[in-house]
Amino acid sequence: MNIFIFGLVNSVILALMASGFALVYGVSRLANFAHGALYILVGFATWLFLNRVGVNYIGSIILSIIAVSVLGGVIYRFLLIRVKGMPASEIIASLAIGIAIMELFRWRGFISEAYMLPPFVNGSVSIAGVMIDWQRLIIIGVGLAIMLLLWLFTHHTKVGLSLRAIAQDKHASMMSGIEPDRTAVISLAMGSALSGIAAVVILPLGNITVETGYMVLTNAIAVCIIGGLGSWAGVFAGAFLLGFAEILTAAFIGPQWQMVVVLLFIILTLILKPSGLLGKQKELEERV
Amino acid sequence: MKKSALIDLIGIKMLFILLILLFACVLSPALSFSQPIVLGVPISRGYPDGVDAERGITLAVEEINAAGGVNVGGAKRPFKVEISDTRDLEAGVPVAEALLATERLIIEQKANFIVGGPIRSEAALAAMDVVSKHKTVSILSAGVLSPAYSKRVEENYDKYKYCFRTTGSVVPMIGGTLKTFESIKAKKGFDKAYIMVQDVAHARAAGNLLKEGLEKQGWKVLALEIYPTGTTDFSVGLSKAKDSKAQILIPWFDMPEVSILMKQWFDMKIPALPIGYIHALQDEGTWKATDGKVAYAVVLYAKAGSVATKAIPMSEGFVPNHKKKFGVEPRSEWTSTSYTVVYILKDAIERAKSLNPDTIIPALEKTDMMGTYGRVKFDPKNHQIIENGDPKETAVGMWAQWIDGKRTIVFPDKIATKSLEMPPWMK
C-alpha cells in the first residue's frame, strides 16, 4: 500500500512538473527550456508576496501565477518569436532566459534554506495504515483536476480548439483564420501558468532553491522523452512509469539507483521507440 | 606681498597641516595611514555556506578594526577584507575557477593571508598548491571535511606548511558522533539505528564509518541507505524505518531538500528520533519556514558557536553581536569558525610581530586561545585543529535539538543546556 500511495504521489508530481513543458511543445513545437526557471520564479514570488508584501497566501499564489503567465507570453512575444523556426536557437534562447532568471535569484541572495511555502492544510491522515500528509493528497487532487480541466479546455472552448488545430496542422489552421503567433503566446502563457500551479502545490513539501529549477526542467524533459514529446497522454504515461519506477527502485533495490533507472528508461525509449511511448507523430488527435 | 614671502607662508601652512595630521594619526590609530593587512577570502558567495563564512569574517574584522586593529610589532594595522567568488559549490563549475579566484586574491589584491575557503574539498585540496606556491598562509574555516587535507600537510610538511584548517575532519567528527550515540544508548536504552545518507563522498564515508562504529558499540544498524543529491521523496525509507522498529534515524545530508525528509518524518509520525548531520536544518529560520516540523530533530554542527552557551564565553558575545549586525543568529557552523579564524590570525600576528610566513607559521602552530567553539590549538604536524574533548581544552562540535522554536544544545554534555527530548509519538 505504501508503494501504491507514494508511487501515485510521485507520479502526479512528475506529471504536474512536465505538463507546462508538454503543453508548450505540443502547441507551438517550442521546447521551453525556461520552464524550470518559471517554476521557481512562482515559488519565490509567492514567498515574497506572502512574507515581504503582506498579501495573504491565496492572494500571493494568484498574483504569482498571473505574473508568470504574463511573463511567459512576453518571453515569446518579444524574445522567442525572433528565433521561431530555428529549434537550436529556440533552445539556446529559452535556456539562456531560464538561467538568467534562476541566477538572478542566486545573485540577489535567495540562497537560504529558509525559503519555504506553508502547506495548504497541516496534518496527516492514515489511509489503509499509511500515514500521509494532506499536502500530498492535495497534490493528487490538483493534478487530476488540472488534467480534467485541460481536457475540457482543449475540447470544448474556442481557444482550446484553436490550440489543438495549430498543433495538428499549422497551415490548414492558418487558412481557417487562426493566428499561430497568437496561439503560441497563449500556449506559453498557459504553460507558464501550469508550471506555476505545479510550483505552488509541490514546493510546500520542501524548500525553494535555485537548483530546484534545473531539477524540474530535467524531470520535465525526462517525462516528455519517455512519454512522447507533444503527446498529452504520453505525459501521464511517462510520469506514471517513472514515478512508480523510482518508488519501486527505492523500495527493492536502493534509493541511490533511482537516477540510474530513470536514465535507463530514457536510453531504452530512445533505442526502442524514439518518439516516446505515446508520441505518435501521425496520430495528431492525441496531441494537446 | 613679495613672491618669496608668499611661498614661505604657503610652506608654513603646509607644515602646520602635516603636523596636525601626524598628531591625529598618533593619537587616533583609526585615522592612521598604516597599510592594512589584506585577508583574501575565496568563497562560493552564491551558497549559504559562503555567505555564512563571509558574515563571520566581516563581523570579526569590524570588531578588531573598531578596537584599533592588529598590533604588528608596535604598529597598529587594520584588517581589510577582499572577497573572491570561487563558485566551487555550484554544480558543474570546474575546480580551476576556485584556483583562479584564490590566485587572483594573492596576485591582484595582494592578500597577506587567505581565510575562509575554498569550501568544497576538491577545490580546497587543489588550492593547497596555489597558496603554497605563493608562500601565503591559509586557514580554512568553511567546509572541507576531507581527511586528505591534513594528511597532505603531514606527509609533505615543507611544501604545505602554509595550510591550516579549523573546520575539522570527518574522522574526529565521526569519533565525536559515536560518543554522542554511546551516551544516547546509555541514557535512553536505544539500540536500533537506521542510517540515511546523501550520495556524496563525505556522507557515504560518514555512513560507513558510523555503521562500523555503531555496530562495535552494540547497536543494530537496520539499514544504510544512500540517496541521490536532489531526492525529493523519502517516504519509502521512512516507512521501512518504521516497519523495522528503528529507534533513531541518522540522516547525513548537506543538500537543501533534506527539509522534505524532516517534514515527511513529522507528518508520518515515524517513531524514530532523527539525529545527524542535517545541514539545511541548522538555520535559525528553519522552525518558522517549516511550521515547526523540525521539532525534536537533533542537528550536528561541526563546530559549536552558533548557539550561545556559558560553557564557551566567547559564544555569548558572538551570537548577540551577529544578531545585531545581520538580524539573525549565526546560521551554520561556518560563521562561528570564520569569525574565530580572524581572531586566531590576529593573535598569531601579534605574537609573531610580523606578517612574514616564516614567523607566522610557528606562531600559528603555538596557538592557544579560546574561540567561539572552545580552545583553539593546532596539531603542529598536520595543522589540523585539535577537537572533541572538553571545550576548555579543545575545539568542540555541538548537537542542537529543535525545541519550541529554538535550537537548544543537548550534546556534548560539557556544553549542553538541556537534556534530549522525545517527540510525543515516541513517549
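The rules behind these values
Residues numbered from 1 in each chain as written. Chains lettered and ligands numbered in written order. Predicted model: local features only at pLDDT ≥ 70, side-chain atom pairs only at ≥ 80, totals over all residues. Heavy atoms only, no water. Helix = DSSP H or I, 4+ residues; strand = E, 2+ residues; numbered from the N terminus. Buried < 20%, exposed > 50% of the residue type's maximum accessible area, 1.4 Å probe, protein only. Contact = heavy atoms within 4.5 Å. Rg over C-alpha atoms; globule rule 2.2 N^0.38 Å. Areas by Shrake-Rupley, 256 points an atom, 1.4 Å probe, with all protein chains shown as cover. Lys, Arg positive; Asp, Glu negative; His and termini not counted. Charge placed at Lys NZ, Arg CZ, Asp CG, Glu CD. Buried area = accessible area lost by both parts, 1.4 Å probe. Salt bridge = Lys/Arg side-chain N within 4 Å of Asp/Glu carboxyl O. Polar contact = N/O pair within 3.5 Å; in protein donor to acceptor, adjacent residues only side chain to side chain. Phe/Tyr/Trp six-rings, centres within 6.5 Å; stacked < 30°, edge-to-face > 60°. Pairing = 2+ DSSP bridges. Axes fitted to C-alpha atoms, helices over the stretch in contact; angles between N-to-C directions. pLDDT = per-residue confidence, 0-100. Expected span 1.5 Å × (residues − 1).

Chemist: Can you walk me through the overall build of chain B in this structure?
Modeler: Counting its regular elements, chain B contains 14 helices and 16 strands. C-alpha extents for chain B along the principal axes are approximately 105 × 45 × 40 Å. Out of the 427 residues belonging to chain B, those deemed buried represent 57%. A sequence separation of at least 24 residues applies to 70% of the contacts in chain B between residues at least 6 apart.

Chemist: For this particular structure, what's the right way to read the overall build of chain A?
Modeler: Broken down by element type, chain A carries 11 helices and two strands. Beginning at the N terminus, the succession of helices and strands in chain A can be written as α-α-α-α-β-β-α-α-α-α-α-α-α. Taken over C-alpha atoms, the radius of gyration comes to 19 Å for chain A, in line with the 19 Å a tight globule of 288 residues would show. Within chain A, buried positions represent 53% of all 288 residues. Counting only contacts in chain A whose residues sit at least 6 apart along the sequence, the fraction spanning at least 24 positions is 74%. Counting only carbon and sulfur atoms, one obtains 72% of the accessible surface of chain A, whose full area is about 12,000 Å². Distance from the positive charge centre (16 side chains) to the negative charge centre (12 side chains) of chain A: 6 Å.

Chemist: What am I meant to see in the interface of chain A and chain B here?
Modeler: Think of interface size as the accessible area that goes away when the parts come together; that is how it is often given. Residue-level contacts link 31 residues of chain A with 37 residues of chain B. For the pair chain A and chain B, the summed buried area comes to about 2,800 Å², and 54% of that belongs to carbon and sulfur atoms. It is A:Ile111, A:Glu113 and A:Met116 in chain A that bury the most area against chain B; as a group they hold 20% of the surface buried on that side. For the pair chain A and chain B, the number of links is zero salt bridges. At the boundary of chain A and chain B, one finds 10 residue pairs in polar contact (both at pLDDT 80 or more). Contributing elements (two or more residues each) for the side of chain A that touches chain B: helix H1 (2–28), strand E2 (130–133), helix H9 (210–227), helix H10 (232–252) and helix H11 (258–272) of chain A. Sort the elements by how many residues they give to the side of chain A that touches chain B and H10(A) lands first, with three residues.

Chemist: Whenever I open this one, the packing of aromatic side chains confuses me. Can you help?
Modeler: The geometry of two aromatic rings is summed up by the distance between their centres and the angle between their planes. Residue and element names in this part refer to chain A. All chains considered together, the criterion is met by 23 aromatic pairs over all chains. Geometrically, the ring pair formed by Trp47 and Tyr115 is edge-to-face, given 4.6 Å between the ring centres and 70 degrees between the ring planes. Taken together, the positions of Trp47 in helix H2 (residues 35–53) and Tyr115 in the loop between helix H4 (87–107) and strand E1 (124–127) put the pair 68 residues apart, joining distant regions of the chain. What makes Trp47 buried here is its relative accessible area of 10%. Their ring planes at 25 degrees and their centres at 6.4 Å tell us that Phe240 and Phe244 sit as a pair that is stacked. Placement of both Phe240 and Phe244 in helix H10 is noted, with a separation of four residues, approximately one turn of the helix. Assessed through its relative accessible area of 30%, Phe240 is described here as partly exposed. Clustering of aromatic rings is evident, with ring pairs tying together Phe44, Trp47, Phe105, Phe110 and Tyr115.

Chemist: Help me out: how do you make sense of the sheet that holds strand E16 (residues 406–411) of chain B in this one?
Modeler: The strands making up a sheet associate through hydrogen bonds between their backbones, and the pairing can be parallel or antiparallel. Residue and element names in this part refer to chain B. The mixed open sheet is built from seven strands, whose spatial order is E9-E8-E10-E11-E12-E15-E16. Looking at the sheet topology across the chains shown, the edges are occupied by strand E9 (220–227) and E16. The sheet shows a mean angle of 25 degrees between the axes of neighbouring strands, direction not considered. Bridge analysis of strand E12 (residues 298–301) against strand E15 (residues 398–403) gives four bridges, and the strand direction is antiparallel. The residue bridging Tyr301 from the neighbouring strand is Met398, located in E15. Against the sheet, helix H8 (residues 201–216) touches strand E8 (192–198), E9, strand E10 (248–253) and strand E11 (273–278), its axis set at about 165 degrees to E8.

Chemist: Whenever I open this one, the side chain of A:Arg136 confuses me. Can you help?
Modeler: Tracing the backbone through its elements, the reader meets A:Arg136 in helix H5 (residues 134–156). At 2.9 Å, the side chain of A:Arg136 forms a polar contact with the side chain of A:Asp133.

Chemist: I tried to follow the side chain of A:Asp133 on my own but got confused; where do I start?
Modeler: Within the fold, A:Asp133 resides in strand E2. Ignoring sequence-local partners within four residues, the contact set of A:Asp133 consists of A:Gly123, A:Ser124, A:Leu205 and B:Asp267.

Chemist: Could you clarify how one ought to interpret the environment of B:Val38 in this entry?
Modeler: All names here are of chain B. Mapped onto the elements of the fold, Val38 is located in strand E1 (residues 37–43). Overall, the relative accessible area of 8% leaves Val38 in the buried class. For the pair Val38 and Lys110, spaced 72 residues apart in sequence, the C-alpha to C-alpha distance is 7.0 Å. The residues contacting Val38, other than those within four sequence positions of it, are Lys80, Glu82, Gln109, Lys110, Ala111, Asn112 and Phe113.

Chemist: How do you make sense of helix H14 (residues 357–365) of chain B when you look at a structure like this?
Modeler: Owing to its 3.6 residues per turn, the α-helix brings residues three or four apart onto one side. Residues and elements named next belong to chain B. Where H14 is concerned, the buried positions are Pro357, Ile360, Ile361, Ala363, Leu364 and Glu365. Buried positions along H14 lie against strand E5 (113–116), strand E6 (137–140), helix H6 (157–160), strand E7 (163–165) and helix H13 (333–352). Where H14 begins, one side-chain oxygen reaches toward the backbone nitrogen of Asp358, 2.9 Å away; that side chain belongs to Asn356.

Chemist: Which parts of the structure should I look at to understand the sheet that holds E1(B)?
Modeler: All names here are of chain B. Pairing within the open sheet is parallel, and its five strands lie in the order E4-E1-E5-E6-E7. Two strands in the sheet have a free side with no partner beyond their single neighbour: strand E4 (79–85) and E7. Geometrically, the sheet is characterised by an average inter-axis angle of 25 degrees between neighbouring strands, direction not taken into account. In this sheet, E7 lies alongside E6 in parallel orientation, the contact comprising three bridges. When the bridges of E7 are listed, Leu140 appears paired with Arg165. Strands E1, E4 and E5 of the sheet are contacted by helix H3 (residues 95–107), whose axis makes an angle of about 150 degrees with E4. H14 rests against E5, E6 and E7 of the sheet, and its axis sits at about 30 degrees to E6.

Chemist: How do you make sense of the pairing of E12(B) when you look at a structure like this?
Modeler: Remark: a regular strand shows side chains that alternate across the two faces of the sheet. Residue and element names in this part refer to chain B. Residues Val298 and Leu300 point to one face of E12 and Val299 and Tyr301 to the other, with burial holding for every one of them. Alignment of E11 against E12, held across two bridges, turns out to be parallel. By the bridge assignment for E12, Ile275 is matched with Val298.

Chemist: I would appreciate a short explanation of the confidence of the model for chain B in the present structure.
Modeler: Residues shown with low pLDDT carry predicted positions that ought not to be read at fine detail. Across chain B, pLDDT averages 89, with 93% of residues at or above 70. For this predicted complex, the interface score ipTM comes out at 0.74, while the overall pTM is 0.79.

Chemist: What am I meant to see in the environment of B:Pro251 here?
Modeler: All names here are of chain B. Within the secondary structure layout, Pro251 lies in strand E10. In this structure the C-alpha to C-alpha distance between Pro251 and Met196, which are 55 residues apart in sequence, comes to 4.7 Å. In contact with Pro251, other than residues within four places in its own chain, are Met196, Leu261, Pro274, Ile275, Gly276, Tyr277 and Ile278.

Chemist: Sorry if this is basic, but what is going on with H3(B) here?
Modeler: Residues and elements named next belong to chain B. Between its terminal C-alpha atoms H3 stretches 18 Å, which fits the 18 Å expected from 13 residues at 1.5 Å a residue. For H3, every residue scored as buried is listed here: Ala98, Ala101, Thr102, Glu103, Leu105 and Ile106. Elements that come into contact with the buried residues of H3 comprise E1, E4, E5 and helix H4 (121–133).

Chemist: Is there a simple way to explain the confidence of the model for chain A in this structure?
Modeler: All names here are of chain A. For chain A, per-residue confidence averages 87 on the pLDDT scale, and residues scoring 70 or more make up 97% of the total. Per-element confidence in chain A is highest for H2, whose mean pLDDT is 94, and lowest for helix H7 (residues 170–175), whose mean pLDDT is 80. In this model, residues 282–288 is a region of pLDDT below 50 whose contacts with residues beyond four sequence positions or in other chains number 22 contacts.

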